[in-house]
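Breakdown of the fold
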Amino acid sequence: MADFHNLLIDRAGTDDRVGIITLNRPEKLNCLSQELLFELNEALHDMEADDSIRVIILRGAGRAFSSGYDLAPASGSGADAVVRRHKSVDSKGRRLVMGIRTGMQQITDIHMYFWNMAKVTIAQLHGYCLAGGCELAMMADLVTAADDCQIGHPGLRGLGTSRTGVIWPLVIGMRKAKELYYTGENVSGTEAEEIGMINYSWPKEELEARTVAFADRLATMSADHLAILKLNMNRFYENMGIYSSVRSSTDLDAAGQMTGFSYEWQDHIRNDGLKDALGWRDGLFRENEWYKHK
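Here the residue numbers are simple positions, counted from 1 along each chain's written sequence. Under the rules for a predicted model, residues below a pLDDT of 70 receive no local features and side-chain atom pairs below 80 are neither given nor counted, while totals for whole chains, interfaces and linings still include all residues. Computation of side-chain values covers all heavy atoms of the structure but excludes hydrogens and water.

Among the six residues that make up strand β3 (residues 55-60), six are buried, leaving the element largely enclosed by the rest of the structure. Residue burial is assigned from relative accessible area. The probe radius is 1.4 Å, only protein chains are included, and a residue is buried under 20% of its type maximum, exposed over 50%, and partly exposed in between. Each helix corresponds to a stretch of at least 4 residues labelled H or I by DSSP, and each strand to a stretch of at least 2 residues labelled E; elements are numbered beginning at the N terminus. Here β3 shows two buried faces, one formed by Val55, Ile57 and Arg59 and the other by Ile56, Leu58 and Gly60. Strands pair, by our definition, only if DSSP identifies at least two bridges between them. Note that strand β2 (residues 18-23) and β3 share six bridges and pair parallel. Paired with Val18 across the bridge in β3 is Val55. A clockwise course of the path from the first strand over the helix to the second, judged with the strands pointing away from the viewer, identifies a crossover as right-handed. Tracing the backbone out of β2, into helix α1 (residues 34-48) and back to the parallel element β3 gives a crossover that is right-handed. Taken together, the four bridges between β3 and strand β4 (residues 120-125) define a ladder with parallel strand orientation. Paired with Leu58 across the strands is Ala123, a residue of β4.

Here is the structure:
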């Protein structure tokens, strides 16, 4: 298996039949750069081809699973260049929605491969699982989380929509799915289990051992048999429209960069910096009367 700059690769369980991929940018709360995502794509392909690996755990190093997409400009080298070939601005510096959409669809392709690969996958969440991190985690077959983990998509507040987070209507009820979409609020690991967003929430100090035990139990059968069971389950959800919905959601994510609220948010980032812009955006929600009764 290749060496990676942004990932750690390990094995666990009986006869090392559980593969573990760790997002390894702890100093940035494992925010998802283009380079990391393309490395993840390669690592997943490597593990899919290895018949001795039956279940894959995806987790994060340090204090979080992932805080979301890396908003810093791409370096333009290595895997980053794959996305950067599609320009998002014209010769006058004006943003082009189809350029934005093309880059987003490339990342969605990685998410959808993670969804449909011929291995059972588990996302193990702790600390923060936000925005793009939440989108990625939702594409796993199964999800475990620390009970105090914060899970959600604050990027819905003015930075487009959620792409693969559109799976929420398939796993939680319509009312709660709409509330989370319209507010960008987080839920704890405990609440996420209660509403069916994840499978289990456990105390943080027990999360790793119990997730490995869970994966090892699933890995009792051979990799090819598990792949057939997964394909059978996924077909039901595919026939309910997950592919078309995720593609449409990615298109709307690109269009959502150009709404009035999104432009106001982008102005705050440009003029005040990301930290102050986040304070402005989230403050609009926290100052609401609803928070007084939460």
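Quick look at the packing of aromatic side chains now. Planes of paired rings set the category: under 30 degrees apart is stacked, over 60 is edge-to-face and the rest tilted, where pairs are Phe, Tyr or Trp rings (Trp by its six-membered ring) whose centres lie within 6.5 Å. Taken as a whole and assessed by the stated rule, the structure comprises four aromatic pairs. The interplanar angle of 85° and the centroid separation of 5.5 Å between the aromatic rings of Trp168 and Tyr181 together place this pair among those described as edge-to-face. Taken together, the residues span a long stretch of sequence, with Trp168 in helix α5 (residues 168-171) and Tyr181 in helix α6 (residues 174-183) at a distance of 13 residues. With relative accessibility at 18%, the residue Tyr181 sits in the buried group. Here Tyr200 and Trp202 contribute two aromatic rings whose centre-to-centre distance is 5.2 Å and whose plane-to-plane angle is 10°, an arrangement assigned as stacked. The rings of Tyr200, Trp202 and Phe214 are connected pair by pair, giving a single aromatic cluster.

Another aspect to go through is helix α3 (residues 97-116). Compared with the 28 Å implied by 1.5 Å per residue over 20 residues, the 28 Å span of α3 between its first and last C-alpha is a close match. Within α3, 14 of the 20 residues are buried, leaving the element largely enclosed by the surrounding structure. To estimate the expected span of a helix, count its residues, drop one, and scale the result by 1.5 Å.

With that settled, the discussion passes to helix α12 (residues 274-286). The terminal C-alpha atoms of α12, which comprises 13 residues, lie 18 Å apart, in line with the 18 Å expected from a rise of 1.5 Å per residue. Listed as buried for α12 are Ala277, Trp280, Arg281, Asp282 and Gly283. Packed against the buried residues of α12 are α11 (260-272). Contacts: residue pairs with any heavy atoms within 4.5 Å of one another.

Take the environment of His5 next. Inspection of the secondary structure assignment puts His5 in the segment before β1 (7-12). Here His5 falls in the exposed class, since its relative accessible area comes to 66%. C-alpha of His5 to C-alpha of Lys92: the two residues are 87 residues apart in sequence and 36 Å apart in space. Those residues in contact with His5, other than ones at most four positions away along the chain, are Asn24, Glu35 and Glu39.

In this section: the pattern of salt bridges. Every case where a carboxyl oxygen of Asp or Glu lies within 4 Å of a side-chain nitrogen of Lys or Arg is listed as a salt bridge. Per the counting criterion, the structure on display carries eleven salt bridges. The partner of Asp141 in a salt bridge is Lys230, and the shortest N-O contact between them spans 3.0 Å. Remark: Lys230 occurs in helix α9 (residues 223-239) and Asp141 occurs in the loop between α4 (132-138) and β6 (142-146); sequence separation between them is 89 residues. What emerges from the salt-bridge pattern is a single network uniting Lys176, Glu179 and Glu191.

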